[in-house]
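# Examining the three-dimensional arrangement
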Amino acid sequence: MRLISSIAALLLMQLAAPAFSAEPLGQREAGASAQTLAASAATGAEHQTAYDEYTIGPYDLLEISVFQVAEMSRAVRVNAKGVVTLPLIGPVRAGGLTAVQLEEAIASRLAKDYLQNPQVSVFIKEFVSQRVTVEGSVVKAGIYPLSGRTTLIQAIAMASGLGPLADESQVKVFRTRPDGGKNMAVYDMEAIRAGKAVDPVIEGNDVIVVDESGAKATVKGVTDTLRGFFNFGMF
């Protein structure tokens, strides 16, 4: 019994032991700070690119404003057909357009009959039409709506976080290309939390798969077996 307990303790200590680095502390902290700044800048650029390329869909909530025309400024929900209705110009197709393209479409309609050189702004407040699938070693696998710009960490949080056996270094994101093919990228959650890697923006219809850690599964198997031995010995 003592031998089994010693083996289990050794396995747990090896799994929990931090990696040793001979790099001086000051250099390591300076390097981490530079990586954090670079990751933050890259994340901001990626967020902006994803927003600029996002195409509006049914039930998205838009905030539309026209400079110096208060009557035209309002929040509107895209209907099931991808259309919004505005004062003066009536129904406007929004589905399938980016925010910039919708700005141009509304400005064109207003310039035709009502205003000279109208300045239109469209802000997407809720991205309700998009969904993300989270599966694998998470607490609550499922399909979740994307409401606003959502990063990988936020999407995992919607699934109530990683499961106890999750391999944080093997979180895969699958994305469908316009030609129907799929791209796959692997992310390390620990590196993202530490600011050493970019927290990627999740797009509609992405599939996130969290792998199970073989080491954690092995330790759990050993501890479950030992627990069975201990429980058996009590009788």
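A brief look at the structure comes next. (Residues numbered from 1 in each chain as written. Predicted model: local features only at pLDDT ≥ 70, side-chain atom pairs only at ≥ 80, totals over all residues. Heavy atoms only, no water.)

## Side note on the sheet that holds strand β5 (residues 120-126)
- Across the sheet, 3 strands lie side by side as β2-β1-β5; this open sheet has antiparallel pairing. At either margin of the open sheet sits one strand with a lone partner, and together these are β2 (69-77) and β5. Taking the axes of each pair of neighbouring strands and ignoring which way they run, one obtains an average angle of 15° across the sheet.
- Judged from the 6 bridges that link them, strand β1 (residues 61-66) and β5 form a sheet pairing that is antiparallel. Each residue of the ladder has a partner; that of L62, found in β5, is I124.
- Each of β1, β2 and β5 touches helix α3 (residues 99-113); the most contacted strand, β5, lies at about 140° to it. (Pairing = 2+ DSSP bridges. Helix = DSSP H or I, 4+ residues; strand = E, 2+ residues; numbered from the N terminus. Axes fitted to C-alpha atoms, helices over the stretch in contact; angles between N-to-C directions. Contact = heavy atoms within 4.5 Å.)

## Section: the sheet that holds strand β6 (residues 130-136)
- Read from one edge to the other, the open sheet built from 5 strands follows the order β7-β6-β12-β9-β10, with strand pairing classed as mixed. Edge positions in the sheet fall to β7 (142-146) and β10 (182-187), since each of these pairs with one other strand and no more. Across the sheet, the mean angle from the axis of one strand to that of its neighbour is 25°, orientation sign disregarded.
- One ladder, built from 5 bridges, connects strand β9 (residues 166-176) with strand β12 (residues 207-212); its direction is antiparallel. Following the sheet pairing, V173 is matched in β12 by I208.

## Observations concerning the nonpolar core
- In terms of nonpolar packing, the biggest core is built from 24 residues, with L62, I64, L86, L102, I106 and V120 touching the most fellow members.
- Secondary structure elements with two or more residues in this core: β1, β2, β3 (83-86), α3 and β5.
- Of all the elements, α3 adds the most residues to this core, at 5 residues.
- The contacts of L86, once residues within four sequence positions are left out, are I64, M72, V76, V92 and I106.
- By size, the runner-up hydrophobic cluster in this structure holds 18 residues, among which are I156, L162, V173 and M189. (Core = buried A, V, L, I, M, F, W, Y, C linked by side-chain atoms within 4.5 Å. Buried < 20%, exposed > 50% of the residue type's maximum accessible area, 1.4 Å probe, protein only.)

## Remarks on the pairing of β10
- The pairing of β9 with β10 spans 6 bridges and is classified as antiparallel. Across the sheet, V173 pairs through a bridge with A185, a residue of β10.
- Counted along the chain from β9 to the antiparallel partner β10, the turn is 5 residues long, and its residue G180 has a positive phi close to 95°.

## Regarding the environment of T98
- Tracing the backbone through its elements, the reader meets T98 in the loop between β4 (90-93) and α3.
- Separated by 42 residues in the primary sequence, T98 and I56 have C-alpha atoms spaced 6.0 Å apart.
- Those residues within four positions of T98 in sequence are excluded, and the remaining contacts are D52, E53, Y54, T55 and I56.

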